[in-house]
Amino acid sequence: MGRLFGTDGIRGVVGETLTAELAYRVGQAITIVLTRKKGSAPTITIGKDTRISSDMLESALMAGICSMGGSVMPFGTIPTPAVAFLTVQEEADAGIVISASHNPFEHNGIKIFGGQGYKLSDEMEAMVEDIVLSDEPIQVMTHEKIGMRLHGMRQMKTDYIEHLLSTVDCDMRGLRVLVDCANGAASATAPALFGKLPLHADFIFDKPDGININNGCGSTHMEPLCQGVVAGKYDLGIAFDGDADRCLLVDEKGNIIDGDKVLAVCGRSIKRKGGLNGNAIVATVMSNLGLHEFCRKGDYQLVCTDVGDRHVLEKMIECGYMIGGEQSGHTIFREFATTGDGELTALQFIQAYCEAGVPASELVSCCAQYPQELINVPVSAMGGAKQRIMADDRLWEQVRFQEELLHGDGRILVRPSGTEALIRVMVEAKTVETAHNVAQALADLIKTL
C-alpha cells in the first residue's frame, strides 16, 4: 500500500485527512505525471458521487489540473464505472472519480483510472505520491498554457447507458424489480437505464441530499430492500453502493443474493454460451465455501486472488478470464467493462434470470452459502497499528488453535482493511454458532494487542 493510495484510491474524512488543498495538489501531480509520459498536456475526465463534499473536491482537482495545463472533461454525478468507460471512449489520458464508495457521507476519496480504463498502476501512483508529498513548490502554468474546462460533457451519461443496454438481449416483459440507488451515483443513471428496458422498475433511496448516501440503504444496508421486495411482490431486488460499482440482489423471498452467487449464476450462463475462457471464475480468498463447492461440482476452475477487485482484474487480464469478482458485489464482466460495474452486473444477472425461466431463489440455489461470520475490529489509525497487529505471533497462535477446533470443516481469514482502520476477521464453519464463537474469540484478542 502506498503512502496516500490505499487499495481503492485516496480515502479520508473530508476536512481532516482529505482536504481541498490535498485534492488541488493531486490534480497538479497527476497532470505533471501524465504530461511527462505523453509529452504534451493531457486531457482528464472527472466524475463524482452525491456526497456534499464532492463538489468542493471536484473544483479543487480541476483547478489543480488546469493550473498545470491539463484540460478537464467533467461528467458531473455519475457512477465510477461510467468514468472508466467514458475515459476510453473519449480517448482521454486519465479519469478521476470522487467517491468513497460504500462509506458514510463524511468520507470521500479520489480514484484514478488510466487512459485504458484500468485503475492507475502502482508505478504511476508512486510518481503522483512523490510529487504530492514533496516539499518543493510546483511552478504553475501561465498565459496560454493554462488548461481549460471542457463543456457539454453531461450528455455523455446517455452514451454510458446505451453501452449498458447493448450488453443484454432477452425477453424481460413481465419482470418486476425494485431498485435501491443508495442515494448515490446510481440515482443519476439507474432510472433512465431501467426506464429503457421492457420491464417494470420502482426505485427507493433515489433522492440524494448530500448527506444521505449509504445511510441505511444500498448494498451495505439491505434490510429495506429485502422487506420491500416481499411486500411489493417483486421478482428481484437490486441494490447499488454509493458509486454504483457494486451490486447485490434480493430474490422473491427476500433473501440476499451476494457476489458469490452472482458469479455462479452468471458464470454458468456465460459457459453455456461458450464464452467462459479457461472454464474459469475468478474470486477472492473471502469467497464462501459454497462457491468452491459449486465450481468443484460443475467442473469450473475457481481462481482465488487476494482481496480487492484490482487483484481480481489483474488475474483476469493475465489469463484471459471473462468473469470475476468479490462476495461484496464487485463483479467484472471483462467482455464489457474494465472495472466492476453495478448496473452492468444487474443487467447480466437479469439476463441469466430471464433465460433460466425459474424464480430467483431457485436460480441461485446452485450455490450454497455456508455460515460466515465477519467482524470488523477497529484499531488505531496512527503508528502502523494494523501492520503491528498483523505481525504479532500471539494472533497467529490463536488462529492456528481455532483452526484445529474446526477440524477442517471451515476456514479462518484475518486481514487488515485496505481503506479503513480495521482488522477484518472472517470465519466459515458448519454452524452459525461455531463461526460466531471463533470469530469473536479472535476479535477479542485483537482488541488487546
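Residues numbered from 1 in each chain as written. Predicted model: local features only at pLDDT ≥ 70, side-chain atom pairs only at ≥ 80, totals over all residues. Heavy atoms only, no water.

### What about the overall build of the protein?
Helix and strand counts for the protein come out as 15 helices and 17 strands. Referenced to the eigenvectors of the C-alpha coordinate spread, the extents of the protein come out at roughly 70 × 60 × 40 Å. Counting the 449 residues in the protein, one finds 57% classified as buried. In the protein, the share of contacts with a sequence separation of at least 24, taken over all contacts with a separation of at least 6, comes to 70%. When the accessible surface of the protein is split by element, carbon and sulfur atoms take 51% of a total near 18600 Å². Averaging the locations of the 40 positively and 58 negatively charged side chains of the protein gives two centres separated by 1 Å. (Helix = DSSP H or I, 4+ residues; strand = E, 2+ residues; numbered from the N terminus. Buried < 20%, exposed > 50% of the residue type's maximum accessible area, 1.4 Å probe, protein only. Contact = heavy atoms within 4.5 Å. Areas by Shrake-Rupley, 256 points an atom, 1.4 Å probe, with all protein chains shown as cover. Lys, Arg positive; Asp, Glu negative; His and termini not counted. Charge placed at Lys NZ, Arg CZ, Asp CG, Glu CD.)

### Quick look at the sheet that holds strand β17 (residues 422-428)
Reading across from one edge, β15-β17-β16 is the order of the three strands in this open sheet, with antiparallel pairing throughout. Edge positions in the open sheet fall to β15 (372-378) and β16 (411-416), since each of these has one partner strand only. The average undirected angle you get between the axes of adjacent strands in this sheet is 15°. Summarising the sheet, β15 and β17 pair through seven bridges and their orientation is antiparallel. (Pairing = 2+ DSSP bridges. Axes fitted to C-alpha atoms, helices over the stretch in contact; angles between N-to-C directions.)

### Points about the sheet that holds strand β4 (residues 94-98)
Across a sheet, paired strands are connected by hydrogen bonds in the backbone, their directions being either parallel or antiparallel. The sheet built from five strands is open, its strands ordered β1-β5-β4-β2-β3 with mixed pairing. A strand with exactly one partner marks an edge of an open sheet, and here the two such strands are β1 (10-13) and β3 (71-77). Taking each pair of neighbouring strands and ignoring which way they run, the sheet shows an average axis angle of 15°. Where strand β2 (residues 43-48) meets β4, five bridges bridge the pair, whose relative direction is parallel.

### Some thoughts on the nonpolar core
Ranked by internal contacts, the top residues of the largest apolar core, which has 62 residues, are Val177, Phe194, Leu199, Ile238, Phe240 and Phe349. The contact partners of Phe194, leaving out residues within four places of it in the chain, are Val177, Val179, Leu199, Ala201, Phe203, Ile238, Phe240, Ala346, Leu347 and Ile350. Counting 33 residues, the second-largest nonpolar core is a separate cluster that includes Val26, Cys66, Ile96 and Ile98. (Core = buried A, V, L, I, M, F, W, Y, C linked by side-chain atoms within 4.5 Å.)

### Focus: the packing of helix α14 (residues 393-406) against helix α15 (residues 432-448)
Packing of α14 against α15 leaves a shortest axis separation of 10 Å and a crossing angle of 170°. Of the possible angle classes, the one that applies to α14 and α15 is roughly antiparallel. Contact residues: α14 offers Arg394, Leu395, Gln398, Val399, Gln402 and Leu406, while α15 offers Thr434, Val438, Ala441, Leu442, Leu445 and Ile446. Across the contact of α14 with α15, the residue classes tally to eight nonpolar, three polar and one charged. (Parallel < 35°, antiparallel > 145°, perpendicular 65-115°, else oblique. Nonpolar A, V, L, I, M, F, W, Y, C, P; charged D, E, K, R; others polar.)

### A closer look at the pairing of strand β8 (residues 236-240)
Most of β8 is tucked away: five of the five residues are buried. Here β8 shows no split at all, with Leu236, Ile238 and Phe240 on one side and Gly237 and Ala239 on the other all buried. With four bridges connecting them, strand β6 (residues 176-180) and β8 associate as parallel partners. Within β8, the residue paired with Val179 across the bridge is Ile238. The sheet contact formed by β8 and strand β9 (residues 247-250) spans four bridges and is antiparallel. Bridge assignment links Phe240 to a residue of β9, and that residue is Cys247. Counting the residues in the hairpin turn of β8 and β9 gives six residues, including Ala244, whose phi is positive at 60°.

### Re the pattern of salt bridges
With the rule as written, the count across this model stands at 24 salt bridges. Across the salt bridge formed by Glu162 and Lys196, the nearest N and O atoms sit 3.9 Å from each other. On the criterion of sequence distance, the pair formed by Glu162 in helix α5 (residues 156-165) and Lys196 in the loop between α6 (190-195) and β7 (200-204) is long-range, its members being 34 residues apart. A residue is classified by how much of its surface remains accessible, and Glu162, at 39% relative accessible area, is partly exposed. The exposure class of Lys196 is partly exposed, given its relative accessible area of 48%. A salt bridge links Asp171 to Arg173; its shortest N-O distance comes to 2.9 Å. Here Asp171 falls in the partly exposed class, since its relative accessible area comes to 47%. Arg173 sits in the exposed class, given a relative accessible area of 67%. In the salt-bridge network here, residues are joined through shared partners; they are Asp8, Arg11, Lys111, Lys119, Asp243, Asp245 and Asp309. (Salt bridge = Lys/Arg side-chain N within 4 Å of Asp/Glu carboxyl O.)

### Structural notes on the side chain of Asn108
Here Asn108 lies in strand β5 (residues 107-114). Residue classification places Asn108 among the buried positions, given a relative accessible area of 0%. Engagement of the side chain of Asn108 in a polar contact is seen with the side chain of Ser54, the distance being 3.2 Å. Look past the residues within four positions of Asn108 in its chain and what remains in contact with it is Ile10, Arg11, Gly12, Val14, Leu18, Arg51, Ser53, Ser54, Leu57, Ile98, Ser99 and Ala100. (Polar contact = N/O pair within 3.5 Å; in protein donor to acceptor, adjacent residues only side chain to side chain.)

### Digging into the environment of Ile110
Note on placement: Ile110 falls in strand β5. A C-alpha to C-alpha distance of 26 Å links Ile110 and Met222, two positions 112 residues apart in sequence. Leave out the neighbours within four places in its chain, and Ile110 touches Gly9, Ile10, Leu18, Ala23, Val26, Leu61, Ile96, Val97 and Ser99.

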